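Chain by chain, the residues:
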Amino acid sequence: MKTLMRATRLKRGAIVTAVAGLALSSVVISSAASASAKLPKSGVETPSGGTVTETGSTLMYPLFNLWAGGYNTKFPSSTIQTAATGSGTGISEAENGTIAIGASDAYLSPSVVSANPDLKNIPTAISAQMVAYNVPGVLSHLKLSGKLVSEIYQGQVTKWNASQIASANPGVTLPNIPIVALHRSDSSGDTFIFTQYLSKADPSGWGAKVGYNTTVPWPAAPGALGENGNSGMVSGCKATPGCIAYIGISYLTQTLQAGLAYSALGNGKGQYVVPTQTSIAAEAAGFVKKTPANGTISLIYGNINNGYPIVNYEYAIVSTHQSSTSTAKNIRSVLEWAINSKYGNSSSYLSQVNFQPLPSKVVAQSLKQILSIQ
Amino acid sequence: MTTTSLSAGPSTRRRRVSTITWRVLTYIALVLIMAPAAWLLVSVLAHAAPHWQWSVLWTTLTPTGGGLRDQIVGTLILMLGVFIIAGTIGVLAGIHLAELARPRRRSGKASGGFLRTSSDILTGFPSIVLGYVGYTALVVGLHWGFSLLAALIILSIMVIPYIAKTTENSLRQVPTGYREGAEALGMSMGYGLRKVVLKSALPGIVTGLLLALAIACGETAPLIYTAGFSPTLPHSLTHAQFPYLTYVVYAYYNAPETQYHYLAFDAALILVVIVLLLLVVSRMIVSRTQRHAEGGRTRTRSRRRPRRPEPTGEPLDLVDLRR
Amino acid sequence: MTSVGGVAGSIPATPHAESMGKPPPWKRVGSFFRRNEERAWRGSAWVAVVLPLAALVFAVSVLVIKAWPAVRVNGWYFLYGRNWTYGNGYGAVVHTDGVAHPTGAQFGAWAILWGTVVSSVIAIIIALPLSIGAAFALTERLPGWISRPLGFAVEILAGIPSVVLGLWGILTFGPWLAKNVYPIIADHAPNVPVLRYFRNPVGSGEGLLSASIVLALMIVPIITSTTRDLFLQVPPLPKEGALALGMTDWEVSNKVTLPWVRSGIIGATILGLGRALGETIAIAMIGGAVLHIPINIYQPFTTVAATILTQLDGALTDGTGFAVATLAELALVLAVISVAVNLIARLIISRTGRIGAPVGGA
């Protein structure tokens, strides 16, 4: 009798162990299957070959062009097709599925996220934005606070020799010409980060009245003009003496060649900071800990010592649900190459556009998002 | 001063002044129109010529420069597709309006009025609205993405009314005698249509087709939203963006790469050349057939009196289409 | 032997056919085609004519369906409101009448509609006298060896892609105007009601007046060509009679020719107006893209077509779809205006057809 009961207990135990073992192993197997994209040692998957279409941010466009060349050298069977159409287009076309990667300086809005749960914004690099101007005779970095720029764009400060500008810049001869405020006419990530800066620096003024978005209702400043793309801002500002324009830092060379100068902007600590490698990196470093796993965070107007106030992550807007596994592989390969500090995120590419590499913590987070693209 | 005593009077001087002013004003008007047009053409040439390389015609577009080969081929493919699709449908529609619609009343006025009106309404339809509809219904709605097929459909819809109108006009200018003769000879309706009526209206129809092609190749707005843009020719009708020339002009004239500025002007020059070729060829077709047709003049005579319209038809203007 | 020209569709006479009854198979195929050819022509031609109509109906339905949520929420404010804002895209989503949209989204298209209408009107004001004058010069004054090539040149102007016109306008013509022409006008314009808008500041050439001038260049070929055709169709008798009575050129034109062709010209002008209303790319390039009413005639502005072109791309950043619906509403408004203008023009033209000389264009 006892033997029988022991045998039954043993049998039961064996069955339980076997079942548990099976369950455990199936969990292990399935988890291995879901993290199906296996990164090779180089950190970049080999693509299936073909074209990956990218469109969007004009701020990121020069970098993506460089990346396209470098990527094609490493993987001759694959090409990246780039276009500069504005961050809004990048987000929209990624939503629609008409292109593979949308480049955007702006992270996705909550309404877009809820309408498209598969859409992700993946940080790929760190960029910045300058406030440039065409003031004859002034080639130095004018000190402009966020509130002052907000007043200029609202049409409350209309001449370059206004007292607000003069008092912040003693010793600079400012001509008596009207200020022409240029803004982007297309749906632009540059507008997003610029207006975010103005909203944070002037919450009761700009923040309350206008807010931030890729397109905003620009106040009627006298002579204000709309330009298409960052290059439109450069050429428009060059053609308009007295203009002030917000231009991405990847256009620094063109801006200087056009005879424009850029300002030292007021940051959260009240300091006037010129956009340099150090100041941009400092601002970005101040936000690394707070960057969430999905990459959605604003790096603007942080309370960081000597940090340049207009700094942002450059996002790749991608859907995690692609039409075929080969498309998904191609996209993953491109993005892995881009964020890898040996390849896309190396200084050989980034320094040409004055961008900063992603901090390693953010690289890991981006990698996780990339691997979820199926 | 006054020359004859009979017409002398205070009003004569005023009338003479007003006449001369009028003549001068009409010449000034003509100059004011021609001068900017000429300036435009010269300016396009002047901007494109300094950096022109013949290799632009057979090199592909690269991120930093290159050529416009695929864009040119793309524009030509679009024109060919529109020629086939819109040409067939438009010519058939024109035949219906001119020949086949039965008059309801004995008024002699051709019927098909409702269909003709609706066809005419489409001639002035804003191209961006058609582009938007194409984007919403075809690109996004049917999930074709930016594609050649969507672009062809929208361009054809835009151009069919023009072709229908010119076909109808050319068919109406075929003398009724031809049709009556064909019927008297016992030709069936289809046979007569093919061998007699269409044959004589063919130059006018072809001219209309060429002019509609000129309109199609110059369109930008609807193509931006149906074909997208691409540096290279795709391999499929759907799910792949399509290259064409007009986008290059729109987007590249202030692009970051200086090479792209030159490409924008090169594209403008090539577009102007294509349109010129189409117009010249259509003029040649008409003048050649006028020479051989009845009542056509083989030598031009200049007269001060206004010319009466020829029975075999005035040369069709591109402008006729846009009315 | 029976004659060849017999009943339509009958089999050509041969000795075999008549004596053997049923024709051989290959001839039966031929006769099948001949008999049904007419049906094939009629059928396919009817389909071909109905297709554009179907396309028009389809287009309008798509517009109405997409625009309906926006029409409900925007209401009449859309037509007279001055505030065009996408709202707080990064804030909360609210619902009005069951339609989701960002907080603070408000679409008043008054400035956009104003820009569309005003630029087209200015373009007509510039184009009409130029076209009529040029048409007179071409038909009445100049000998054929000049007027034919010049007529061809007008055709070329009609064929130039509008994007090329836009490129020339923004890079060459606009800046030239701003540097050489506008300052002269601006310095001498008095401070009286309408002319006030011609005063300084002059801007950089991207604005209402520059865009309207380029629009005028696009309309001129339409009006010139129609007017030329109309002049050629004026019966010579009244004109020769007037000349015989001693009237001068100018008086003949003014009192005889022009009244005869007046309705035709009006019709052509309205068609040109329709073209100007729908013009997209040139205005997007030269107009400057600013969403409020300019303070004077040299400043930037926007039109419905240009707004749709530049804003549609990015409209999907509004995840609720409300911005896209509003742009669809704009497109619908433009379509309605353009169709209405077209119908009015054809009405005028067709009415003249019964009175005076036949006018081109149906």
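Quantities reported herein were computed from a predicted structural model and do not represent experimental measurements.

A.B. asks: When you look at the overall build of chain C in this model, what are you seeing that I'm missing?
C.D. replies: On a plain count of helices and strands, chain C comes out with twelve helices and four strands. Relative to its full complement of 362 residues, chain C shows a buried share of 52%. A separation threshold of at least 6 residues defines the contact pool for chain C, and within that pool the share at least 24 residues apart is 75%.

A.B. asks: Please explain the overall build of chain B as it appears in this structure.
C.D. replies: From N to C terminus, chain B includes eleven helices and two strands. Counting across all 323 residues of chain B, residues that qualify as buried make up 53%.

A.B. asks: Looking at this structure, I do not really get the packing of helix α7 (residues 208-233) of chain C against helix α9 (residues 249-278) of chain C. What am I missing?
C.D. replies: Two quantities define a packed helix pair, namely the angle between the axes and the distance from one axis to the other. Residue and element names in this part refer to chain C. Between α7 and α9, the shortest axis-to-axis distance is 9 Å and the interhelical angle comes to 150°. Our classification of the angle between α7 and α9 gives roughly antiparallel. Where α7 crosses over α9, the handedness of that crossing is right-handed. The residues of α9 that touch α7, namely those facing Leu215, Met218, Ile219, Ile222, Ile223, Thr226, Thr227, Leu230 and Phe231, are Thr257, Val261, Gly264, Ile265, Ala268, Thr269, Leu271, Gly272, Arg275 and Ala276. Partitioned by chemical class, the residues of the contact of α7 with α9 number twelve nonpolar, six polar and one charged.

A.B. asks: What's the story with unusual backbone geometry in this structure? I'm lost.
C.D. replies: Negative phi characterises most residues that are not glycine, and trans characterises most peptide bonds. Of note, Asn306 of chain A is a non-glycine position whose phi angle comes to about 55°, a positive value. Here Asn306 of chain A lies in the loop between α11 (277-285) and β12 (311-319). Take Asn306 of chain A: there are 14 C-beta atoms within 10 Å of it, and that puts it in the partly exposed class. Despite not being glycine, His143 of chain B shows a phi value in the positive range, around 60°. Note on placement: His143 of chain B falls in the loop between α4 (127-141) and α5 (148-172).

A.B. asks: It is not clear to me how the interface of chain C and chain B should be interpreted in this structure. Could you clarify?
C.D. replies: Taken together, the contacts link 88 residues of chain C with 82 residues of chain B. The set of elements that each furnish at least two residues to the side of chain C that touches chain B consists of α2 (25-74), α4 (110-141), α5 (144-159), α6 (162-188), α7, α9, α11 (304-315) and α12 (322-355) of chain C. Residue contributions to the side of chain C that touches chain B peak at 19 residues, all from α2 of chain C.

A.B. asks: Help me understand the sheet that holds strand β5 (residues 143-144) of chain A, please; the structure alone is not making it clear to me.
C.D. replies: Hydrogen bonds between backbone atoms are what pair the strands of a sheet, whose relative direction is either parallel or antiparallel. All names here are of chain A. Spatially, the three strands line up as an open sheet ordered β5-β10-β11, and their pairing is mixed. With partners counted over all chains shown, the strands left at the sheet margins are β5 and β11 (272-273), one partner each. Two elements, strand β10 (residues 264-266) and β11, share two bridges in a ladder whose sense is antiparallel. For Gly266, the partnering residue across the bridge sits in β11 and is Tyr272.

A.B. asks: Would you mind going over α7 of chain C with me for this structure?
C.D. replies: Three or four residues apart is the spacing at which side chains of an α-helix point the same way, because the helix has 3.6 residues per turn. In this model, α7 of chain C (26 residues) spans 37 Å end to end at C-alpha, consistent with the 38 Å of a helix rising 1.5 Å per residue. Within α7 of chain C, 24 of the 26 residues are buried, which leaves the element mostly enclosed by the surrounding structure.

A.B. asks: What is the right way to read helix α14 (residues 360-371) of chain A from this model?
C.D. replies: All names here are of chain A. End to end, α14 covers 16 Å across twelve residues, agreeing with the expected 16 Å (1.5 Å per residue, within 8%). By the burial criterion, the buried members of α14 are Val362, Gln365, Ser366 and Ile370. For α14, the angular spread of buried residues about the axis comes to 140°, placing them on one side. Of the residues in α14, the exposed ones pointing more than 90 degrees away from the buried face are Ser360, Lys361 and Ala364.

A.B. asks: What exactly am I supposed to notice about the environment of Tyr133 of chain A here?
C.D. replies: Residues and elements named next belong to chain A. Among the secondary structure elements, Tyr133 is positioned in strand β4 (residues 119-133). Owing to 23 C-beta atoms within 10 Å, Tyr133 belongs among the buried residues under this scheme. Distance in space between the C-alpha atoms of Tyr133 and Ile179 is 9.3 Å, their sequence separation being 46 residues. Among all residues touching Tyr133, those that are not within four sequence positions of it are Cys243, Ile244, Leu260, Ala261 and Ser263.

A.B. asks: Explanation requested: the pairing of strand β8 (residues 243-248) of chain A in the structure shown.
C.D. replies: Note on strand geometry: in a regular strand, side chains alternate between the two faces of the sheet. All names here are of chain A. Of all six residues making up β8, six are buried, and the element is well covered by its neighbours. Here five bridges tie β4 to β8, and the two strands are oriented antiparallel to one another. Residue pairing in the sheet places Val131 in a bridge with Tyr246 of β8.

A.B. asks: Where do I start with the pairing of strand β3 (residues 101-104) of chain A in this structure?
C.D. replies: All names here are of chain A. Side chains Ile101 and Ala103 of β3 all project onto a buried face; the interleaved residues Gly102 and Ser104 project onto the opposite face, where all are buried too. As paired strands, β3 and β12 are joined by three bridges and run antiparallel to one another. The residue of β12 that forms the bridge with Ala103 is Ala316.

A.B. asks: What is the right way to read the interface of chain A and chain C from this model?
C.D. replies: Buried accessible area, meaning the area lost when the parts come together, often serves as the stated size of an interface. At the interface, 30 residues of chain A touch 30 residues of chain C. Mapped by element, the contributors of at least two residues to the side of chain A that touches chain C are α3 (87-96), α4 (110-115) and β7 (225-227) of chain A. No other element matches α3 of chain A, which puts six residues into the side of chain A that touches chain C.

A.B. asks: Any chance you could explain the packing of helix α8 (residues 236-244) of chain C against α9 of chain C here in plain terms?
C.D. replies: Residues and elements named next belong to chain C. Where α8 meets α9, the closest approach of the two axes is 10 Å, and the angle between their N-to-C directions is 145°. Where α8 crosses over α9, the two elements pack in a sense that is right-handed. Every residue of α9 that contacts α8 at Pro238, Lys239, Ala242 and Leu243 is listed here: Val252, Val256 and Thr257. When the residues that make up the contact of α8 with α9 are grouped by side-chain class, the tally is five nonpolar, one polar and one charged.

A.B. asks: Is there a simple way to explain the environment of Asn303 of chain A in this structure?
C.D. replies: All names here are of chain A. With respect to the secondary-structure elements, Asn303 resides in the loop between α11 and β12. Judged by C-beta crowding, with 10 C-beta atoms within 10 Å, Asn303 ranks as exposed. Spatially, the C-alpha atom of Asn303 lies 31 Å from that of Leu119, the residues being 184 residues apart in sequence. Not counting residues within four places of it along the chain, the set of residues in contact with Asn303 comprises Gly268 and Lys269.

A.B. asks: Which parts of the structure should I look at to understand the environment of Ser111 of chain A?
C.D. replies: Structurally, the position occupied by Ser111 of chain A is in helix α4. The sequence separation of Ser111 of chain A and Glu95 of chain A amounts to 16 residues, and the corresponding C-alpha distance is 12 Å. Contacts of Ser111 of chain A, omitting those with residues within four sequence positions, involve Gly89, Val93, Pro102, Asp318, Gly319 and Thr320 of chain C.

A.B. asks: Would you explain the confidence of the model for chain B in this entry?
C.D. replies: In low-pLDDT regions, the fine details of the predicted coordinates are not to be read closely. Residue and element names in this part refer to chain B. Per-chain confidence: chain B averages 82 in pLDDT, with 82% of residues scoring 70 or above. Mean pLDDT values for the elements of chain B range from 57 in helix α11 (residues 318-322) up to 93 in helix α8 (residues 221-226). With pLDDT under 50 throughout, residues 295-315 is counted as low confidence; its partners more than four residues away or in other chains account for 32 contacts.

A.B. asks: I would appreciate a short explanation of the confidence of the model for chain C in the present structure.
C.D. replies: All names here are of chain C. Averaged over all residues, the pLDDT of chain C equals 83, while 90% of them reach at least 70. When the elements of chain C are averaged for pLDDT, helix α1 (residues 15-20) gives the smallest value, 52, and α4 the largest, 92. Confidence over residues 1-7 falls short of pLDDT 50; this stretch has six contacts with residues more than four positions distant or in other chains. Every residue in residues 354-362 is under pLDDT 50, and counting partners more than four places away or in other chains gives 21 contacts. As a predicted assembly, this complex carries a pTM of 0.84 together with an ipTM value of 0.83.

Reading guide: rules and limits
- Residues numbered from 1 in each chain as written.
- Chains lettered and ligands numbered in written order.
- Predicted model: local features only at pLDDT ≥ 70, side-chain atom pairs only at ≥ 80, totals over all residues.
- Helix = DSSP H or I, 4+ residues; strand = E, 2+ residues; numbered from the N terminus.
- Buried ≥ 20, exposed ≤ 12 C-beta atoms within 10 Å, placed from the backbone.
- Contact = placed C-beta atoms within 7 Å.
- Axes fitted to C-alpha atoms, helices over the stretch in contact; angles between N-to-C directions.
- Parallel < 35°, antiparallel > 145°, perpendicular 65-115°, else oblique.
- Left-handed = near helix turned anticlockwise from the far one by under 90°.
- Nonpolar A, V, L, I, M, F, W, Y, C, P; charged D, E, K, R; others polar.
- Pairing = 2+ DSSP bridges.
- Expected span 1.5 Å × (residues − 1).
- Arc of directions from axis to C-beta.
- pLDDT = per-residue confidence, 0-100.

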